[in-house]
Structures are given as structure tokens and as C-alpha cells.
Amino acid sequence: SLLFLFVSHRAAPQTKCRSLGSADMDEVLPKPRFHLDLWLGFTVQNWVLDVGRPVVMLVLPADWFPLNRPGAADYLHLLYNITAPLILLKMLERSPRTPPLPAVHLCIVAVVMATSFHLVADSVTRRLLLIGYQLHVSVRENPVMKNLEPSSLVDAFELLFYYDDTLGHLMWYIPLFLILLLFFSGCFCPRSQEGRMPSAAWMLLAPNAAYYWYLITEGQTFMLFIFTFFAMTATVMHQRRRGMVPDGNGLFMLYSFSAALCLVAVWVAGLWNDPVLRKKHPGLIYVPQPRAVYTLHLGRVAQTC
């Protein structure tokens, strides 16, 4: 009897400590926080240095900068080439699942090379627009290209646009969406810590979703976007079976992608029966580019006014 009382007395505190430890486990785990600085920098960079480039080109007079030197839009593009890799690196630093260092270096080098291709092609395109180049028509069918002598120069321009629209976009956007997906895979927390998006996240939701719409339409990245969105959805389903739910950052990305998909659906539905854009974008995936829509419709109205 004395031995039983002694063993019970020594075991009771341990049982109590274990029960307290399980009850206080949620307090020990770090609470997920919304990365406001990261998403604010990401949104400001995209709108000022990426979306802002064609706006600056339209607002500023063409004769303010010599045509044989970089213009204001080109300098914005140069800044984007510097800030975009830095923000992507910051995303990888915040992600708990960091890929091997050689893979990170390869992704960043690919982004820098692709944005450099895009910078050169965009600079040439702006000069071509001043002499009547039409973005809603293919390179070889453009009236400007038909008057070139010798005619083999058209091949050089097609090579330039291939570096921009095909190779450059693949090298740019594949690493971008991979890094976004990798960052999203770490944006989960236990069900007991499930939170909501803060007010700052709701304020950034609209501009972030609008930029994704611009990325899909102007960059022609619908397939990359939709595969990333499906992968994010599959990740959510897998994590829920483990008792994990998206935190504030994960919800922000899910809502932004969903809103962008709705914007693209409205955009495509509004231009569904346009025969000129249909010829410009043949095939099953029909997502007209905003700049092509501008040169086809709004550009003519602006010249008439």
C-alpha cells in the first residue's frame, strides 16, 4: 500500500503537466501573420513599373525623348528588372519550404534574362507604333512590314517578337508562378489558429487581382495561371486532410486568383465575337491582349478626337 501511494504521488504531477502541455500547445505555436510589407511592395512594383509603362508611353509626348535613346517607359522597365528578382527572393526567404539553392539561382537568372528580352522588344515596339505598327495584326501582315525593303527584314522582326512573346514570357512567368505556388504551400496553419484576412489585405485584394488579370491577358499566361490555380486548390484539399487551413496570406492569394479568373471571364465574354482579335489569337485559348484592343478600337477613337 505504501508503495502504491508513493508511485501515485510521483505520477500525478507528470500527468497534470502533460494535460497542461496539450492545452497550451496552441499558445506555444507562433501565430501566422500577414506579410503586409511583402504584398504591398509586390503590388506597388507591378502597378508602377509594369502596368505603368504603357500608361507613361501614352501620356508623355513622344518627342520628349530621342527615339535612339531610352524613354521614360524604358527606365521604368529597367527598375522592374532590378526590383522583381529582389521581391521574388524575399518571397522565398519567407517561405518555410525553400528549394535547393541552385534551383533558386536558376529561377532568378531566368527572370532577369526574360525581362531583359522584354525590355528590348518593348522599346522597339514603341518606336514601331509611332510609324503605324498595329498590335492587333500579326508581324508579317502589318502594313508597315509589307513596305520593308528588303523583305527579309520581316524575319528579323519576327525573331525579335519571338524572344519577347514566346521565349521571354516562358522564362519570365514560369519561375514567377512556381515561386508563388511555393510560397502558397507554406501559408497554412492548424484549424485552431484559423484566422481571417486583415483589413489591409482586403484593400490590396482588388489591385492585386487586377494585376493578375493584366498578367494573364497581356502576358498570354492563361495556361500557366490556371495550372497554378489548380495546384493551389489541390494543395488546400491535401492540407485540410491533415487538419491545416490557409492563413491570411493563403486566403489573400486564393481570393486574388479567383477574382482575376472572374475578370478574365468577363473580358473574354465581352470580346468573344470580335473577328479581328479572333484572327490575332487563333486556337482554343482566346484571351485578347489589352494593347491589341487599344490599337484596334480605342486608338482609332483617340486619333479621331
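Residues numbered from 1 in each chain as written. Predicted model: local features only at pLDDT ≥ 70, side-chain atom pairs only at ≥ 80, totals over all residues. Heavy atoms only, no water.

As annotated in an unreviewed UniProt entry, the protein chain is CLN6 transmembrane ER protein from Seriola dumerili.

Asker: Quick rundown of a nonpolar patch on the surface? Include the residues and the values.
Answerer: On the surface, Leu36, Leu40, Val44, Trp47 and Val48 cluster together into a nonpolar patch covering about 410 Å² of accessible area. Summarising the element assignment, Trp47 is placed in helix H3 (residues 36–59). Here Trp47 falls in the partly exposed class, since its relative accessible area comes to 35%. (Patch = residues over 30% accessible without salt bridge, like charges linked within 9 Å, V, L, I, M, F, W, Y side chains within 5 Å. Areas by Shrake-Rupley, 256 points an atom, 1.4 Å probe, with all protein chains shown as cover. Salt bridge = Lys/Arg side-chain N within 4 Å of Asp/Glu carboxyl O. Helix = DSSP H or I, 4+ residues; strand = E, 2+ residues; numbered from the N terminus. Buried < 20%, exposed > 50% of the residue type's maximum accessible area, 1.4 Å probe, protein only.)

Asker: How would you explain the packing of aromatic side chains if you had to name every residue and give the values?
Answerer: A complete count under the given rule lists 20 aromatic pairs for this structure. Ring centres 5.8 Å apart and planes at 25° place the aromatic pair Trp202 and Tyr255 in the stacked group. Taken together, the residues span a long stretch of sequence, with Trp202 in helix H8 (residues 199–219) and Tyr255 in helix H10 (residues 248–270) at a distance of 53 residues. A residue is classified by how much of its surface remains accessible, and Trp202, at 47% relative accessible area, is partly exposed. Here the aromatic rings of Tyr212 and Phe225 are separated by 6.5 Å at their centres, their planes lie at 50°, and the arrangement is tilted. Of this pair, Tyr212 sits in helix H8 while Phe225 sits in helix H9 (residues 222–241), placing them 13 residues apart in sequence. Of the two residues, Tyr212 and Phe225, neither departs from the other in class, the shared state being buried. Put simply, the rings of Phe34, Trp39, Phe42, Phe183 and Phe252 touch in pairs and so form one group of aromatic residues. Stacked on the ring of Trp272, the Lys or Arg Arg278 has its end atom at 4.1 Å from the ring centre. Positioned over the ring face of Tyr286 is Arg278, at 4.1 Å from the centre of the ring. (Phe/Tyr/Trp six-rings, centres within 6.5 Å; stacked < 30°, edge-to-face > 60°. Lys NZ or Arg CZ within 6 Å of the ring centre and 35° of its normal.)

Asker: For H9, give the residues involved together with the corresponding values.
Answerer: In an α-helix, one turn spans 3.6 residues, which is why side chains three or four residues apart end up on the same side. With 20 residues, H9 extends 29 Å from end C-alpha to end C-alpha; this agrees with the ideal 28 Å at 1.5 Å per step. If you check which residues of H9 are buried, you get Phe225, Ile226, Thr228, Phe229, Met232, Thr235, Val236 and Gln239. Looking at the buried positions of H9, the neighbouring elements they touch are helix H7 (153–185), strand E1 (188–190), H8, strand E2 (244–246) and H10. Positive backbone phi, approximately 80°, marks Gly243, located one or two places after H9. (Expected span 1.5 Å × (residues − 1). Contact = heavy atoms within 4.5 Å.)

Asker: I'd like a rundown of the UniProt feature "transmembrane region" (unreviewed entry) in the protein chain, residues and numbers included.
Answerer: The sites that UniProt annotates as "transmembrane region" (unreviewed entry) are residues 170–188 and 251–272. Annotation note: span residues 170–188, helix share 84%, strand share 5%, distance between end C-alpha atoms 29 Å. Here residues 251–272 runs as 91% helix and 0% strand, with 31 Å between its end C-alpha atoms. (UniProt positions renumbered as here; feature names shortened; annotations may be inferred.)

Asker: I'd like a rundown of the confidence of the model for the protein chain, residues and numbers included.
Answerer: Mean pLDDT over the protein chain: 84, with 86% of residues reaching 70 or higher. The least confident element of the protein chain is helix H1 (residues 2–23), whose mean pLDDT is 39; the most confident is H10, at 96. Segment residues 1–28: pLDDT under 50, and two contacts once partners within four positions in sequence are set aside and those in other chains are kept. This model gives residues 301–305 a pLDDT under 50, and the stretch forms one contact once residues within four places in sequence are excluded. (pLDDT = per-residue confidence, 0-100.)

Asker: Go over the packing of H3 against helix H4 (residues 72–94), please, and point to the residues and values.
Answerer: For the pair H3 and H4, interaxial distance at closest approach is 9 Å and the crossing angle is 160°. The pairing of H3 with H4 is recorded here as roughly antiparallel in orientation. Viewed along their axes, H3 and H4 form a crossing whose handedness is left-handed. A class-by-class count of the residues in the contact of H3 with H4 yields 14 nonpolar, six polar and five charged. (Axes fitted to C-alpha atoms, helices over the stretch in contact; angles between N-to-C directions. Parallel < 35°, antiparallel > 145°, perpendicular 65-115°, else oblique. Left-handed = near helix turned anticlockwise from the far one by under 90°. Nonpolar A, V, L, I, M, F, W, Y, C, P; charged D, E, K, R; others polar.)

Asker: Describe the nonpolar core, naming the residues involved and giving the relevant values.
Answerer: Judged by nonpolar contacts, the single largest core of 58 residues is most densely connected at Trp39, Met91, Leu180, Tyr212, Phe252 and Phe257. Contributing elements (two or more residues each) for this core: H3, H4, helix H5 (101–129), H7, H8, H9, H10 and helix H12 (290–304). Ignoring anything within four residues of it in the chain, the contact list for Met91 reads Leu38, Trp39, Phe42, Ile179, Leu180 and Phe183. Counting seven residues, the second largest nonpolar core, distinct from the first, contains Tyr133, Leu135, Val139 and Phe161. (Core = buried A, V, L, I, M, F, W, Y, C linked by side-chain atoms within 4.5 Å.)

Asker: So what's going on with the side chain of Asp164? Which residues, and what values?
Answerer: Position of Asp164 relative to the elements: it lies in helix H7. Despite its burial, Asp164 remains without a salt bridge, the nearest opposite charge being carried by Arg291 at 5.1 Å. Once you skip the residues sitting within four places of it in the chain, Asp164 turns out to touch His118, Ala121, Asp122 and His169. (Lys, Arg positive; Asp, Glu negative; His and termini not counted.)

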